[in-house]
Amino acid sequence: MMSVASRVDVDTMFQPVSQCWICGGTVLTPFHEYRFDYHEYAKQDPELDAYTGRTGRLVRCRACGFAQPDALPTLPRFFERMYDQRWSADWIVREFESGDKDFIFQAILRELDRRVPGRPRRLLDIGAHAGRFLHLARKEGWDVEGVELNPRTAAYAASRTGATVHQANAHTLAGAGARFHAIALTDVLEHVPDPVALVASAARTLVVGGSIAVKVPCGRSQWHKERLLARLVPSREISLAGNLVHVNHFTPRSLTLALERAGFAKVDVGAAAPELPCGGSAVRRAPSNLFRLGVYAVARLPGGVRTPLALNLQAYATLSLGNVR
Ligand SMILES: [Zn+2]
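Residues numbered from 1 in each chain as written. Predicted model: local features only at pLDDT ≥ 70, side-chain atom pairs only at ≥ 80, totals over all residues. Heavy atoms only, no water.

## Some words on the pattern of salt bridges
To keep it simple, the criterion reads: Each reported salt bridge corresponds to a side-chain nitrogen of Lys or Arg within 4 Å of a carboxyl oxygen of Asp or Glu. Comment: elements are numbered from the N terminus, with helices defined as DSSP H or I runs of at least four residues and strands as E runs of at least two. Burial classes: relative accessible area under 20% of the type maximum marks a residue as buried, over 50% as exposed, and values in between as partly exposed (1.4 Å probe, protein chains only).
Tallied over the entire structure, the rule returns 14 salt bridges. Among the ionic pairs, R81 bridges to D45, the shortest N-O distance being 2.9 Å. Linking R81 in helix α3 (residues 78–82) with D45 in the loop between β2 (28–35) and α2 (46–49), this pair joins segments that are 36 residues apart in sequence. Residue class for R81 comes out buried when judged on its relative accessible area of 13%. Salt bridges linked by common partners bring D45, E47 and R81 together as one network.

Here it is in structure tokens:
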């Protein structure tokens, strides 16, 4: 009787996902098991913490190579509750002032500048976090707005940059109509179930012919990297989907398909620029950052995006006239 009861319990906590979110494929092969640990939310959100100790599996679609969870939690607003981190004011300031991602942000701004040279030009940053990218984009002559789910970082980004930062999700903003010439989703799309729906909503804020920039981890390369590290450091656990922080695991092909399904054309996917940490000792930092730049340089060679050296993917695409709006 006990085992039946606990199975019913698990079944009500999860809803199976039986089709690939990108291509609709139904041949999904499990390849990795992960464990939930939300004990940090024990006081703030006991219902979320009830998932601690549960496990889930990542499955890979045979048709397009995309990987996703085989089931999603049924708890209402699960992901919003998970991202309701009560970060300290000091931490948010450090996130804004850290230049760790500036090399990535500058690469994106250079490409968007090439695509949208005219003025005035309007840019929407989806997942604006503490507002660093908004700040840099404004210096490059963009009129900027942001979307950020977390109330604390959204408020900070708005006050620090003076930009409008909508404390909402991109679906909410889609109703406001098409007015941006470019949108950026940097380290965002891997976090949201059903990513094509999110990109399609984002597309509704974009003028026809406008550009999108999407950066995500490359699921397959991260899997190779994690397995290599686990072999080198036996105590290290493979970390791919812990706590469902990353729900989407893209390949170059499945990222292209996701953008096309959302109405984009001329999709270009390459290796993304690496994060270059600025803090700590310069002596320790320099070799590590040089290594990152070396891997990036090789991953940018022809065909490099399909090798495990492309740890992150950077896609650009143009909203096509054929998009059903
Ligand atoms: Zn698929």
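Moving on, there is more to tell.
## Concerning the coordination of the zinc ion
Selection criterion: Any nitrogen, oxygen or sulfur atom within 2.8 Å of a metal ion counts as a donor, with the limit raised to 3.2 Å for Na, K and Ca, and since water is left out, coordination shells can look unfinished. Under this scheme a four-donor centre is tetrahedral when all angles range from 85 to 135 degrees, a four-donor centre is square planar and a six-donor centre octahedral when opposite donors are above 155 degrees with the rest from 65 to 115, and any other centre is irregular.
In the first shell of the zinc ion, the protein supplies C20 (SG), C23 (SG), C61 (SG) and C64 (SG), at 2.3 to 2.4 Å from the metal. The site at the zinc ion holds four donor atoms, and with the angles between them running 99 to 117°, its shape is tetrahedral. Ordering the donors of the zinc ion by residue number gives the pattern C-x2-C-x37-C-x2-C. Here C23 is found in the loop between β1 (14–16) and β2, whereas its partner C64 is found in the loop between β3 (55–61) and β4 (67–69), with 41 residues between them in sequence.

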